[in-house]
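This is what each chain is made of:
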Amino acid sequence: MNILKTTLSNIKSNKQLFFASVGTITTALSILGLFLFVYINLNSVLSFWNDQVQLIVYLDDEISSDEKKQLEKLFSSSSEVDSFRFVSREQAWEKFQLMFSEKSSFLKGMGFNPLPASYNLKIKPLPERLKSIQSLAEKLSQEGGVESVEYGEEWINRFETFMILMRVFLLALGALLCLGAVLIIANTVKLSVLSRKNEIELMLLTGATPGFIKFPFFLEGIFHGILGALISLSLMKGVHLYLVSRFQGSIETFGRGMDFQFIPMSFVMVIMLTSLLMGWLGSYLSLQQFLGAYKKL
Amino acid sequence: MIQLYNVYKSYNNTPALVDISFIIKKGAFVFVTGPSGAGKSTLLKLLYRWESYDKGQVLVNGINVGKLNFSKLWQLRRHIGVVFQDYKLLPGKTILENVAFALEIVGAEKKTIRYKAWEALKNVGLSHRKDAYPMELSGGEQQRVAIARALVNNPKILLADEPTGNLDPDMASEILHLFEKANADGTTVVFATHSQNVLREGNHAVIALKRGKIADTRIVA
Ligand SMILES: Nc1ncnc2c1ncn2[C@@H]1O[C@H](COP(=O)(O)OP(=O)(O)OP(=O)(O)O)[C@@H](O)[C@H]1O
Ligand SMILES: [Mg+2]
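Model, not experiment: these values are computed from the prediction.

## A look at the interface of chain A and chain B
For step 1, the next point in the chain: Between chain A and chain B, the contact holds 19 residues from the first and 24 residues from the second.
For step 2, the next point in the chain: For the side of chain A that touches chain B, the secondary structure elements donating two or more residues are helix H8 (197-206) and helix H9 (210-252) of chain A.
For step 3, the next point in the chain: Sort the elements by how many residues they give to the side of chain A that touches chain B and H8 of chain A lands first, with 8 residues.
For step 4, the next point in the chain: For the side of chain A that touches chain B, the per-class residue count stands at 10 nonpolar, 5 polar and 4 charged.

What follows is the structure, encoded as structure tokens:
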């Protein structure tokens, strides 16, 4: 109770500093959080498209059943292929009509089916998947009865590289910002400690335990960290809600069932825990430095 | 209660205490005197381990002071009350709160704190001013508050570093009487002063220091 009072009056007597400190932590965590937010959403886009990666083998209309059998044997023997599905010309046409039902009167007016039959191959999510898709596609296009082969674009590969870079960047940025936040907290707590020098000396003199002396300052540092984290998380939530209300419609055109992901709960916990640790560490550093002068061992 | 054996202490290779040995028995009242820079304050600081020493042995209330590390210092200091020339009261607290602070620090039972602090103030004759702030009191009154604070935890040892240094003779003898009262209640008192008046008035044992060495002792039973 009393300790809480001490902490609060520490903060009150250094109001500007307190706001500067919490503000900086908030900014640092918000920047980090924003990148995390972008990363997580790009990642979910990626995994969405990942699932979609397939190889489509379009067939000549005049393909013979022998050629078909030959192709199917090739699919089953290819280790990259997870499964395959035959889509006949009629099925393709039906699906096409379903997708563009608004324009169906025009389509019906066409009177014939322009679509080829195809095999849709689902590819196993192997690490070198794109390369194997490429070579498989080449091989298949040589086969008899195959008109053309289509597969996931090169950019998926680039996208993956980009995500790895982004992860590295995020970690580096995070470490840097955390370090900065720790130093800022340490500095703020140090000024708090210095402004209470006489009181602390009296405590030492009277026989306060080190824990008793340190506790309010630890509380102060942790309070800075947690408050910064809470503010930045609410800011991020605000941004998230705004994006959802504003752009949910347009994002669905990318893929059905996609939406903006907020930072997952586990990350929220990690951010809270990190900020708590940063506060503790900042206080620890300044207390260690200050009390070191009284140890003289 | 306090034993020193061949204690040496220097600051940056300048000796401040040289080969100090003495024994202060439980319940004694001892003056430490000597000219400025003789090492009086340094000697007291060794007793509550504010300073370390280079050689020798210091025992206080059976505790080997040299062997104590920082995290255990409080165990020594809870046996000791200290009073300074400059009082060291906290200006933002009333005098009752100043005394209560010493109780809070050692984790005294909450309910008893106010009463104990008030009683300690009463013992130095200041309970009627309990809500005053230090700045509203005279030097002598502030020193009485500091004594009340030093005594409120019933220490076995009371150390005083020139407690009358800033006070006129009348006030000084009043302060001396408070220390003698505490001594009569069983507290061992070590009182550093260079005031001849105080030394003459209190008829107690004296350790006289000169340039860090014990120059003279006057033991009065
Ligand atoms: N923290 C310190 N660092 C360096 N030297 C110190 C320190 N404290 C004291 N000294 C030196 O040690 C010697 C003894 O000082 P001390 O304060 O013990 O004397 P004193 O007898 O209390 O003097 P005074 O009557 O002026 O208070 C002096 O020469 C002083 O300059
Ligand atoms: Mg001195």
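## Side note on the sheet that holds strand E2 (residues 14-24) of chain B
All names here are of chain B.
For step 1, the next point in the chain: The antiparallel open sheet is built from 4 strands, whose spatial order is E2-E1-E4-E5. Unpaired on one side and paired on the other, E2 and strand E5 (63-64) mark the two borders of the sheet.
For step 2, the next point in the chain: Lying on the sheet, helix H1 (residues 40-47) is in contact with strand E1 (2-11), E2 and strand E4 (55-60); it crosses E1 at an angle near 120°.

## Some details on unusual backbone geometry
Residues and elements named next belong to chain B.
For step 1, the next point in the chain: A positive phi is found at Asn6, a non-glycine position, where the angle reads about 45°.
For step 2, the next point in the chain: Inspection of the secondary structure assignment puts Asn6 in strand E1.
For step 3, the next point in the chain: By relative accessible area, which is 41% here, Asn6 ends up partly exposed.
For step 4, the next point in the chain: Although it is not a glycine, Asn13 sits at a positive phi angle of roughly 70°.
For step 5, the next point in the chain: With respect to the secondary-structure elements, Asn13 resides in the loop between E1 and E2.
For step 6, the next point in the chain: Asn13 sits in the exposed class, given a relative accessible area of 75%.

Criteria and cut-off values
Residues numbered from 1 in each chain as written. Chains lettered and ligands numbered in written order. Predicted model: local features only at pLDDT ≥ 70, side-chain atom pairs only at ≥ 80, totals over all residues. Heavy atoms only, no water. Contact = heavy atoms within 4.5 Å. Helix = DSSP H or I, 4+ residues; strand = E, 2+ residues; numbered from the N terminus. Nonpolar A, V, L, I, M, F, W, Y, C, P; charged D, E, K, R; others polar. Pairing = 2+ DSSP bridges. Axes fitted to C-alpha atoms, helices over the stretch in contact; angles between N-to-C directions. Buried < 20%, exposed > 50% of the residue type's maximum accessible area, 1.4 Å probe, protein only.

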